[in-house]
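Letter by letter, the chains look like this.
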Amino acid sequence: MKNLVALVVLTAVFTAATAQNKSKSTAISYTKVTPGKGVGELVLGISTEKAIELLGLPEKSRSYEQEQNEEVVKFGKNVSQELCYNTHYDRVFKYKNDCEATIDYPVYKLYFRNNQLVYMVLTSYGYDDALYSKFTAGNNISFHSSGQKIKTGMGHPEIMQEKYVGEYLYLQSGIDFLTENNEMRAMFIYDPLENEVAQAIKQQSGY
């Protein structure tokens, strides 16, 4: 009987310790941005319902046609050079920092196709420094990192533009970085592209 009680106690202690370790590792993983996958529980492939469970209702929900009109037609963008508009999405969720989120992620937009997340945009714009400063990608690349730090951590990008607004596209890794005044302000995450597709996009962009 004593052995049984001891076994129960040991099992309870082990279970509690395991749960605590899981809690700690899960909390850390929420801030780790993985190229080609996502961040925390917000990963490519989840449904619109799961996204709402995590982030609450979006500020706006747009169809493909509505998003094209608001973001492409209105601003005269070249669709062939905008990767997110070539993911064949059919629904876009737009968020801002006052959404009712279960977990605080610095999310700007989520793009869905057939009820599955296919592209996401994380941003420091509109979010408090205490929130977005926790999130890192690659070799400790955080918001406000310089273009040089991005290249040091990720290697040379397939497509790069270094101006006041800079772009560092790692197509085969599934992540792009946008900088303003040499400070990283947004991350774009998507399924890694095959080499042939990446090469085609490079050619369209003049690389």
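Everything discussed here concerns the structure shown above.
Structure report, in brief. (Residues numbered from 1 in each chain as written. Predicted model: local features only at pLDDT ≥ 70, side-chain atom pairs only at ≥ 80, totals over all residues. Heavy atoms only, no water.)

What follows deals with the sheet that holds strand β3 (residues 42-43). As summarised here, the arrangement of the five strands in space is β3-β2-β1-β8-β9, forming an open sheet in which the pairing is mixed. Only two strands of the sheet have a single neighbouring strand rather than two, namely β3 and β9 (141-142). Two elements, strand β8 (residues 136-137) and β9, share two bridges in a ladder whose sense is antiparallel. If you follow T136 over to β9, its bridge partner there is S142. (Pairing = 2+ DSSP bridges. Helix = DSSP H or I, 4+ residues; strand = E, 2+ residues; numbered from the N terminus.)

Moving on, we get to the pairing of strand β6 (residues 107-113). The buried fraction of β6 is high, at five of seven residues. Two strands pair when backbone bridges link them, and strand β5 (residues 91-94) and β6 are joined in this way by four bridges, in the antiparallel orientation. Bridged to F93 within β6 is L110. Pairing geometry for β6 and strand β7 (residues 116-123), over six bridges, is antiparallel. Directly across from F112, in β7, lies its bridge partner L117. Between the end of β6 and the start of β7, which pair antiparallel, lie two residues, with N114 showing a positive phi angle near 50°. (Buried < 20%, exposed > 50% of the residue type's maximum accessible area, 1.4 Å probe, protein only.)

Bringing the side chain of S145 into the picture now. Along the chain, the position of S145 falls in the loop between β9 and α5 (147-154). Those residues within four positions of S145 in sequence are excluded, and the remaining contacts are N140, N182, E183 and M184. (Contact = heavy atoms within 4.5 Å.)

Consider a sheet: its strands pair through backbone hydrogen bonds, and that pairing is either parallel or antiparallel. On the basis of which strands lie adjacent, the open sheet formed by eight strands has the order β4-β5-β6-β7-β13-β12-β11-β10 and antiparallel pairing. Two strands close off the open sheet at either side, each with one partner strand: β4 (60-63) and β10 (159-161). Each adjacent strand pair in this sheet contributes to an overall mean axis angle of 15°, direction not counted. As judged from the six bridges shared by strand β12 (residues 175-180) and strand β13 (residues 183-190), these two strands associate in the antiparallel manner. Its bridge partner lying in β13, L178 is registered against A186. The strands touched by helix α2 (residues 48-55) are β5 and β6; relative to β6, the strand with the most contacts, the crossing angle is about 160°. Where α5 meets the sheet, it contacts β10, β11 (165-170), β12 and β13, and its direction lies at approximately 5° from that of β11. (Axes fitted to C-alpha atoms, helices over the stretch in contact; angles between N-to-C directions.)

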